[in-house]
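Each chain is listed here by its residues.
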Amino acid sequence: LLSVVLREVLRRAPGVDPALVGDVVVGTVLGKGDQAATENRVACMMAGIPEHVPVRLVNRLCSSGLQAVADVAAAIHSGQYDIGIAAGVESMSRNRMLLDIPTNPKATGTVKGCYLMM
């Protein structure tokens, strides 16, 4: 799905050469290990973004996509690059965390709340 969205972003910006994109930053938190990095790199390449363009993942629970946007905006503002793409690819509220990870039996009070679904 990400490759379809990225391809459409590039189509809607006809004057932008994908080779000039300075960075693609993707907010993602649910990917398992290296799988998320691979999935996002493949999506970028399938969308026509050259392999020399860096792809970076951001994991910030509940706001990974927003953090991706902030990171790209800050990098452009500081002159690191002129063109960047930010995206978010999932919804934490769809993650069934209580069933997927063991909880720490010593976690109590507000700490235990970290295990609740978003």
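Now for a quick tour of the structure. Note that this is a predicted model, so its numbers are computed, not measured. (Residues numbered from 1 in each chain as written. Predicted model: local features only at pLDDT ≥ 70, side-chain atom pairs only at ≥ 80, totals over all residues. Heavy atoms only, no water.)

Regarding the sheet that holds strand β1 (residues 23–27)
Strand pairing in a sheet relies on backbone hydrogen bonds. The paired strands run either parallel or antiparallel.
Working step 1: The 3 strands lie next to each other as β2-β1-β3, forming an open sheet whose pairing is parallel. Of all strands in the sheet, those with a lone pairing partner are β2 (55–58) and β3 (84–88), marking the two edges. Shown here is a sheet whose adjacent strand axes are inclined to one another by a mean of 20°, direction ignored.
Working step 2: As judged from the 5 bridges shared by β1 and β3, these two strands associate in the parallel manner. Bridge assignment links D23 to a residue of β3, and that residue is G84.
Working step 3: Contacting β1 and β2, helix α2 (residues 35–46) crosses the sheet at an angle of about 135° to β2. (Pairing = 2+ DSSP bridges. Helix = DSSP H or I, 4+ residues; strand = E, 2+ residues; numbered from the N terminus. Axes fitted to C-alpha atoms, helices over the stretch in contact; angles between N-to-C directions. Contact = heavy atoms within 4.5 Å.)

Remarks on the pattern of salt bridges
If charged atoms from side chains of opposite charge come close, those side chains can pair.
Working step 1: Per the counting criterion, the structure on display carries 4 salt bridges.
Working step 2: Salt-bridge contacts for R12 lead to E8; the nearest nitrogen and oxygen are separated by 2.8 Å.
Working step 3: Taking relative accessible area as the criterion, R12 reaches 64% and is therefore assigned exposed.
Working step 4: Of the charged contacts, one joins D23 and R56 as a salt bridge, the two residues approaching to 3.9 Å between their closest N and O atoms. Remark: R56 occurs in strand β2 and D23 occurs in strand β1; sequence separation between them is 33 residues. (Salt bridge = Lys/Arg side-chain N within 4 Å of Asp/Glu carboxyl O. Buried < 20%, exposed > 50% of the residue type's maximum accessible area, 1.4 Å probe, protein only.)

Considering the environment of I83
Working step 1: One can find I83 in the loop between α3 (64–77) and β3.
Working step 2: A relative accessible area of 25% means that I83 is categorised as partly exposed.
Working step 3: Measuring from C-alpha to C-alpha, the distance between I83 and D17 comes to 9.4 Å, with 66 residues separating the pair along the chain.

A closer look at the nonpolar core
Working step 1: By size, the foremost hydrophobic cluster in this structure holds 13 residues, and its most contacted members are L2, L6, V24, I49 and I85.
Working step 2: Among the elements of the structure, α1 (2–11), β1, α2 and β3 are those that each provide at least two residues to this core.
Working step 3: For this core, the leading source of residues is α1, giving 3 residues.
Working step 4: What L6 contacts, discounting residues up to four positions off in sequence, is A43, C44, A47, I49 and I85.
Working step 5: Counting residues in each nonpolar core, the second largest holds 6 residues, with V25, V58, A75 and Y81 among its members. (Core = buried A, V, L, I, M, F, W, Y, C linked by side-chain atoms within 4.5 Å.)

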